[in-house]
Amino acid sequence: MMENKINKLDFKPDFIQACEIFDLEPHDVLQKFIDSVSIPYFIANPMNPDRWANTFMVECILTRLESEELLERYSVFFDRITEAVLNDMENKDQVAREIMDEWHRAVLEDRIEDVMKKQ
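Worth saying up front: this structure is predicted, and the values here are computed from it rather than measured.

Calculation rules
Residues numbered from 1 in each chain as written. Predicted model: local features only at pLDDT ≥ 70, side-chain atom pairs only at ≥ 80, totals over all residues. Heavy atoms only, no water. pLDDT = per-residue confidence, 0-100. Helix = DSSP H or I, 4+ residues; strand = E, 2+ residues; numbered from the N terminus. Salt bridge = Lys/Arg side-chain N within 4 Å of Asp/Glu carboxyl O. Buried < 20%, exposed > 50% of the residue type's maximum accessible area, 1.4 Å probe, protein only. Core = buried A, V, L, I, M, F, W, Y, C linked by side-chain atoms within 4.5 Å. Contact = heavy atoms within 4.5 Å.

Time to look at the confidence of the model for the chain. Of all residues in the chain, 92% attain a pLDDT of 70 or more, and the chain-wide mean is 85. The element-level mean pLDDT for the chain is lowest in helix H5 (residues 68–73), coming to 75, with helix H1 (residues 13–21) highest at 95.

Dropping the structure here:
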């Protein structure tokens, strides 16, 4: 698990107000959001009621895609996940997670390679 390196979050007044009105701890609200993010689960179950955190995450991801190059480079993973979800209804969550793990390794390897080229 990635270590939390956030020292401070700046809460907007509307967020604090909503937490205070409904007696919610900001940390608990954010933790529930964080715990709900699972791209493999979202891909396998797009209509699940817990999809909203994932929908927001996907919006964040899309704003980070600076070029078509990234989409082209990793389109094989998109294709494999889509095929897995459509063809393996019983294990679609697990299969999507395994493909996401492979994708994650590929991205990290590419980043290491990019760093090594720059040295």
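Throughout the structure, instances matching the rule amount to 2 salt bridges. Across the salt bridge formed by Glu-113 and Lys-117, the nearest N and O atoms sit 3.4 Å from each other. With a gap of 4 residues between them, Glu-113 and Lys-117 both fall in helix H7 (residues 92–118), about one helical turn apart. Take Glu-113: its relative accessible area is 41%, and that puts it in the partly exposed class.

Below, the discussion takes up the nonpolar core. By size, the foremost hydrophobic cluster in this structure holds 14 residues, and its most contacted members are Tyr-74, Phe-77, Ile-81, Ile-99, Met-100 and Trp-103. Those elements giving two or more residues to this core turn out to be helix H3 (39–44), helix H6 (75–87) and H7. The leading source of residues in this core is H7, at 7 residues. Ignoring any residue separated from it by four or fewer positions in sequence, one finds Met-100 in contact with Ile-39, Pro-40 and Ile-81.

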